[in-house]
Amino acid sequence: MAESRPPLPPFDEEAAIRKVQAAEDAWNTRDPHAVSLAYTPDSVWRNRGTFVTGRAEIVEFLTAKWERELDYALRKSLWDFHNNRIAVRFQYECRDAAGRWWRSYGNELWEFDDNGLMRRREASINDVGIEESERRYFGPRPEDQRGPGHDIPLR
């Protein structure tokens, strides 16, 4: 039986919002193995200037990422969707080993197979140093901040 990760394409707005929230929730676990299961076994990524292919490389990439990016907390927001593709804006905050805090702003383009597994992910990301007092994300998104009307701020 083929792996499946509902909701499945073609996406309507409600399904696209659920897909984006599911991705945010998964990444906030910081569990590379669990996160990798949302992608096809041969998924291809561009993350900044790094190219990744397949689940084993996804796990390796995410393991190194979350060893570097401490106290990682992510927010994603649906930008647009069409058929089997979703565009997402996101922000995450983390600190480095020296204790310096960062907010990273990015855009992702996602493409899914018929079973709802992501087969392509392209991410462009910019990092901005912030003071600890400027943090706004402290772990996973609370239930009362989910769904339509809870977009992430530009700044």
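So, a few notes on the structure that sits alongside this text. These numbers come from a predicted model, not from an experiment.

1. Focus on the side chain of Ser104
Phase 1: As for its position among the elements, Ser104 is in strand E5 (residues 101-112).
Phase 2: A distance of 2.5 Å separates the side chain of Ser104 from the side chain of Asp127, its partner in a polar contact.
Phase 3: When sequence neighbours within four positions are dropped, the list of residues in contact with Ser104 reads Arg48, Phe90, Gln91, Tyr92, Ile125, Asn126 and Asp127.

2. Comments concerning the nonpolar core
Phase 1: Within the largest apolar cluster, 26 residues are counted, with the highest numbers of intra-cluster contacts made by Trp27, Tyr39, Trp45, Leu62, Ile86 and Trp110.
Phase 2: Secondary-structure elements contributing two or more residues to this core are helix H1 (13-28), strand E1 (39-47), helix H3 (54-68), strand E3 (70-82), strand E4 (85-95), E5 and strand E6 (118-130).
Phase 3: Each residue touching Leu62, except ones within four places of it in the same chain, is listed here: Trp27, Pro32, Val35 and Trp45.

3. Notes on H3
Residues that lie three or four places apart on an α-helix share one face, since the helix turns once every 3.6 residues.
Phase 1: End to end, H3 covers 21 Å across 15 residues, agreeing with the expected 21 Å (1.5 Å per residue, within 8%).
Phase 2: Buried within H3 we find Gly54, Arg55, Ile58, Val59, Phe61, Leu62, Lys65 and Trp66.
Phase 3: Looking at the packing, one finds that the buried side of H3 touches H1, helix H2 (32-36), E1, strand E2 (50-53), E3 and E4.

4. Re the packing of aromatic side chains
Phase 1: In this structure the tally under the stated criterion is 9 aromatic pairs.
Phase 2: Each ring, one from Trp27 and one from Trp66, has its centre 5.6 Å from the other, and the planes form 85 degrees; the classification is edge-to-face. Of this pair, Trp27 sits in helix H1 while Trp66 sits in helix H3, and the two are 39 residues apart along the sequence. Summarising the burial analysis for this pair, Trp27 and Trp66 share the class buried.
Phase 3: With 4.8 Å between their ring centres and 40 degrees between their planes, Tyr72 and Tyr92 make a pair best called tilted. With a gap of 20 residues between them, Tyr72 in strand E3 and Tyr92 in strand E4 connect regions that are remote in the sequence.
Phase 4: Owing to a relative accessible area of 3%, Tyr72 belongs among the buried residues under this scheme.
Phase 5: Put simply, the rings of Trp27, Tyr39, Trp45, Phe61, Trp66, Tyr72, Phe90 and Tyr92 touch in pairs and so form one group of aromatic residues.
Phase 6: The side chain of Arg100 reaches across the aromatic face of Trp102, ending 5.4 Å from its centre.
Phase 7: When the ring centre of Trp45 is taken as reference, the NZ or CZ atom of Arg121 above it lies at 4.3 Å.

The rules we used
Residues numbered from 1 in each chain as written. Predicted model: local features only at pLDDT ≥ 70, side-chain atom pairs only at ≥ 80, totals over all residues. Heavy atoms only, no water. Helix = DSSP H or I, 4+ residues; strand = E, 2+ residues; numbered from the N terminus. Polar contact = N/O pair within 3.5 Å; in protein donor to acceptor, adjacent residues only side chain to side chain. Contact = heavy atoms within 4.5 Å. Core = buried A, V, L, I, M, F, W, Y, C linked by side-chain atoms within 4.5 Å. Buried < 20%, exposed > 50% of the residue type's maximum accessible area, 1.4 Å probe, protein only. Expected span 1.5 Å × (residues − 1). Phe/Tyr/Trp six-rings, centres within 6.5 Å; stacked < 30°, edge-to-face > 60°. Lys NZ or Arg CZ within 6 Å of the ring centre and 35° of its normal.

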